[in-house]
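Observations on the model geometry
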Amino acid sequence: MNDVLPENTPAWQYLEEKFQQVVASYSYAEIRTPIVESIDLFNRSIGEVTDIIEKEMYCFEDRNGERLALRPEGTASIVRAGIEHGLLFNQTQRMWYRGPMFRYEKPQKGRYRQFQQIGVEAFGMGGADIDAEVILLSVALWRSLGILDALTLELNSLGSNAAREEYRKALVEFLSARKEQLDEDSKKRLLSNPLRILDSKEAKTQALLNDAPSLVDYLDEDAQSHFSALTEILDRAGVSYVINPRLVRGLDYYNKTVFEWTTDKLGAQGTVCAGGRYDGMVEQLGGKSTPAVGFAMGEERLLLLLETLHVLPENINHNFDLYLAAKDKGLELELVMLAEQLRAKIPKLKIRTHCAGLKNILNKARQSGAETIVLVGKNNEGGIISTLWQGDQPTQDLSILELIAMLSASKQ
């Protein structure tokens with residue numbers, strides 16, 4: 001679990017501001033859910049035989065003996081909140097969220113045990129058009145960040161639960177006859193979660209799967225029609241994609257559309273954003289049957305990609321506009337009052353007031369990176385005067401009223 005230091009937070013704020021601008025343009029509303037939930041929520045939604053439940057959740061008992069968990073992902077909590085507050089039945093909802101998630105994983109570059117996730121969820125709409133909207137929203141974010149060319153959209157359809165169960169039986173039969181050729185993890189998954197074998201990173205297992213039954217051959221007519229409608233919309237919108245028949249996602253609750261945005265710029269950690277349709281979860285958690293689709297992405301991974309591609313703005317660490325200091329002793333009160341007057345008059349102006357004595361004022365001001373440096377002193381008549389500095393030389397003497405007028409004009 002890592003600290004995000006002040007020198008790094010401007011990049012986080014930049015990413016989050018871009019995300020909020022995009023979701024606002026699609027009319028998605030923010031929802032905030034607790035970090036701690038009942039373990040049963042995730043057992044019922046994610047699936048007890050997934051890696052998240054078996055290996056990665058942080059679980060504990062509270063003083064009443066209730067079994068709780070730090071949330072490993074956001075979707076289940078949002079569905080729980082939607083059911084609890086009556087937001088889902090016979091309604092359509094578009095929501096976005098942001099916050100910390102927790103998984104006991106092996107720490108890697110861009111992957112931590114506490115990680116920040118942002119995502120969207122849409123409820124009450126069962127057509128391919130909302131699947132397309134969710135994907136197009138992600139495209140808008142990539143364009144806004146300047147990274148669309150570095151990402152590849154991978155698509156697949158998992159079909160209905162019934163069709164997927166038929167495929168599961170065929171896959172188990174095929175792999176059971178070749179069990180000795182599987183890696184150890186895949187052998188364990190063969191009985192508990194065989195579809196996850198399709199996502200194996202072992203080369204030998206992937207080679208074996210080349211001859212395995214294909215999920216596409218088991219899709220029912222409704223799922224095929226849904227997927228065709230989705231790809232038609234994406235084609236019309238000019239969105240490039242690759243159909244990946246082995247894309248299954250790591251959570252049990254998906255059906256029909258699943259997708260990932262991947263990159264080859266981050267080594268092995270190639271998935272930047274992932275999501276899909278999960279029409280059965282609301283009913284599974286006690287609500288009325290409600291179609292749903294969404295995606296999530298880890299901010300750490302996304303920020304690593306922005307840094308790798310050098311697309312963060314050059315002035316990302318620019319924290320304030322004006323460095324304000326008193327060059328003469330005894331002007332501390334006037335300095336504080338002037339700073340408050342400026343903040344009241346010019347709310348957009350970001351000011352740092354010098355509160356560290358009279359030594360090396362200009363050096364400290366220049367090191368701050370402020371666009372404007374103003375030193376406040378006394379003129380020959382004992383009045384208060386402000387001096388603008390640029391480099392090593394003063395450039396302009398202004399009265400306080402002239403200073404306020406100049407700074408106000410610069411922030412119009």
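Refer to the structure printed above.
Sequence order as written defines the numbering, with residues in each chain counted from 1. Note on the predicted model: pLDDT of at least 70 is required for a residue's local features to be given, and 80 or more for side-chain atom pairs to be given and counted; whole-chain, interface and lining totals, by contrast, use all residues. Excluded from the side-chain calculation are hydrogens and water; included are all heavy atoms of the structure.

**Some words on the overall build of the chain**
The criterion, for reference: Under the DSSP-based scheme used, a helix requires at least four consecutive residues in state H or I and a strand at least two consecutive residues in state E, with every element numbered from the N terminus. For a compact globule the rule gives 2.2 Å times the number of residues to the power 0.38, and the radius of gyration it is set against comes from C-alpha atoms. The contact definition used throughout considers only heavy atoms, calling two residues in contact when any of these lie within 4.5 Å. Under the convention used here, a 1.4 Å probe and the Shrake-Rupley method define accessible areas, while residue burial counts only the protein chains that appear. Note that His is not counted, nor are the chain ends; the positive residues are Lys and Arg, and the negative ones are Asp and Glu. All charge positions are set by atom: Lys at NZ, Arg at CZ, Asp at CG, Glu at CD.
A count of helices and strands for the chain gives 14 helices and 16 strands. In summary, the chain has a C-alpha radius of gyration of 28 Å against a globular reference of 22 Å for 412 residues, an excess of more than 25%. Overall, the chain is about 95 × 55 × 45 Å in size when its C-alpha atoms are taken along their principal axes. Long-range contacts, defined as pairs at least 24 residues apart, comprise 70% of the intrachain contacts of the chain with a sequence gap of at least 6. Carbon and sulfur atoms make up 47% of the accessible area of the chain, which totals about 20,800 Å². If you average the places of the 47 positive and of the 58 negative side-chain charges in the chain, the two averages end up 4 Å apart.

**Notes on the sheet that holds strand E1 (residues 29-30)**
How we decide: Two strands are said to pair when DSSP picks up at least two bridges between them. Interaxial angles span 0 to 180 degrees and are taken between N-to-C directions of axes, which are lines fitted to C-alpha atoms, for helices over the stretch in contact.
Pairing in this open sheet of eight strands is mixed, and the strands run E1-E5-E6-E11-E10-E9-E7-E8 from one edge to the other. A single partner strand is all that each edge strand has here, and the edge strands are E1 and strand E8 (242-243). Inspection of the sheet shows strand E5 (residues 93-102) paired to strand E6 (residues 114-123) by ten bridges, in the antiparallel sense. Each residue of the ladder has a partner; that of Tyr97, found in E6, is Gly119. Across the sheet, helix H1 (residues 9-25) touches E5 and E6, and the angle it forms with E5 is around 160°. Helix H5 (residues 128-145) contacts E5, E6, strand E7 (152-157), strand E9 (255-262), strand E10 (271-277) and strand E11 (292-298) of the sheet and is inclined by roughly 25° relative to E11.

**A closer look at the environment of Gly286**
Our working definition: Residue exposure (1.4 Å probe, protein chains only): buried if accessible area is under 20% of the type maximum, exposed if over 50%, otherwise partly exposed.
Its place among the elements puts Gly286 in the loop between helix H10 (281-284) and E11. Taking the relative accessible area as the measure of exposure, Gly286 reaches 59% and is therefore exposed. Measuring from C-alpha to C-alpha, the distance between Gly286 and Glu84 comes to 9.5 Å, with 202 residues separating the pair along the chain. Discounting chain neighbours no more than four positions away, the residues touching Gly286 are Arg44 and Ile83.

**Considerations on the nonpolar core**
To be explicit about the condition: Among the buried residues, those of types Ala, Val, Leu, Ile, Met, Phe, Trp, Tyr and Cys that are joined through side-chain atoms within 4.5 Å form a nonpolar core.
Ranked by internal contacts, the top residues of the largest apolar core, which has 45 residues, are Tyr28, Val120, Trp142, Leu145 and Trp261. Counting residues per element, this core draws most heavily on H5, at ten residues.

**Looking at the packing of aromatic side chains**
Let me state the cut-off plainly: Planes of paired rings set the category: under 30 degrees apart is stacked, over 60 is edge-to-face and the rest tilted, where pairs are Phe, Tyr or Trp rings (Trp by its six-membered ring) whose centres lie within 6.5 Å. Put simply, a charge is over a ring when the Lys NZ or the Arg CZ is close to the ring centre, within 6 Å, and near the line of the ring normal, within 35 degrees.
The full count for this structure, using the stated rule, is five aromatic pairs. Centroid distance Phe19 to Trp96: 5.7 Å. Interplanar angle 75°. Geometry classified as edge-to-face. Linking Phe19 in helix H1 with Trp96 in strand E5, this pair joins segments that are 77 residues apart in sequence. Between Arg113 and the ring centre of Tyr104, over which it is positioned, the NZ or CZ distance is 3.9 Å. Across from the ring centre of Phe174, 3.8 Å away, lies the NZ or CZ of Arg178, which sits over that ring.

**Description of the pattern of salt bridges**
How we decide: One side-chain nitrogen of Lys or Arg within 4 Å of one carboxyl oxygen of Asp or Glu is enough to make a salt bridge.
Taken as a whole and judged by the stated rule, the model has twelve salt bridges. With its nearest N and O atoms 2.8 Å apart, the salt bridge here joins Glu133 to Arg94. Here Glu133 is found in helix H5, whereas its partner Arg94 is found in strand E5, with 39 residues between them in sequence. Residue class for Arg94 comes out partly exposed when judged on its relative accessible area of 27%. What emerges from the salt-bridge pattern is a single network uniting Glu37, Arg80 and Glu84.

**Description of the side chain of Thr262**
Here is the rule we go by: We call two N or O atoms a polar contact when they sit within 3.5 Å, provided that within protein one can donate a hydrogen and the other can accept it, with sequence-adjacent residues counted only if both atoms are side-chain atoms.
With respect to the secondary-structure elements, Thr262 resides in strand E9. Residue class for Thr262 comes out buried when judged on its relative accessible area of 15%. A polar atom in the side chain of Thr262 sits 3.2 Å from the side chain of Glu154. In contact with Thr262, not counting residues within four places along its chain, are Ala150, Leu151, Thr152, Glu154, Gly270 and Thr271.

**A word on helix H4 (residues 75-84)**
Extensive coverage of H4 is indicated by the burial of eight of its ten residues. As for H4, its buried residues are in contact with strand E2 (36-38), helix H2 (39-45), E5, E6 and H10.

**Points about the side chain of Ser386**
By the secondary structure assignment, Ser386 is in strand E15 (residues 384-390). Ser386 sits in the buried class, given a relative accessible area of 0%. With residues up to four places along the chain from it excluded, the contact list for Ser386 reads Val374, Leu375, Val376, Gln396, Asp397, Leu398, Ser399, Ile400 and Leu403.

**Details of unusual backbone geometry**
Its identity is not glycine, yet Lys256 carries a phi of approximately 50°, on the positive side. Structurally, Lys256 is set in strand E9. In this structure Lys256 comes out as buried when scored by relative accessible area, which is 11%. For His310, which is not glycine, the phi dihedral falls at a positive 55°. As for its placement among the helices and strands, His310 is situated in the loop between helix H11 (299-308) and strand E12 (322-326). Judged by its relative accessible area of 70%, His310 is exposed.

**Examining the sheet that holds strand E4 (residues 67-70)**
Backbone hydrogen bonds hold the strands of a sheet together, and the pairing may be parallel or antiparallel. With antiparallel pairing, the three strands of this open sheet are ordered in space as E2-E4-E3. In the strand order of this sheet, the two ends are held by E2 and strand E3 (59-61), each with one partner. Taken pair by pair, the neighbouring strands of this sheet meet at an average axis angle of 40°, ignoring direction.

**Quick look at the packing of helix H12 (residues 332-345) against helix H14 (residues 400-410)**
The following threshold applies: Crossings are classed by handedness, with left-handed meaning an anticlockwise turn of the near helix from the far one by less than a right angle and right-handed meaning a clockwise turn. Side-chain classes are defined by residue name, with Ala, Val, Leu, Ile, Met, Phe, Trp, Tyr, Cys and Pro counting as nonpolar, Asp, Glu, Lys and Arg as charged, and the others, Gly among them, as polar.
Where H12 contacts H14, the two axes come as close as 11 Å, and the packing angle between them is 35°. As for how H12 packs across H14, the hand of that crossing is right-handed. When H12 is examined against H14, the residues Leu338, Gln341, Leu342 and Lys345 are found in contact with a partner set consisting of Ile400, Leu403, Ile404 and Leu407. Of the residues contributing to the contact of H12 with H14, the split by class is six nonpolar, one polar and one charged.

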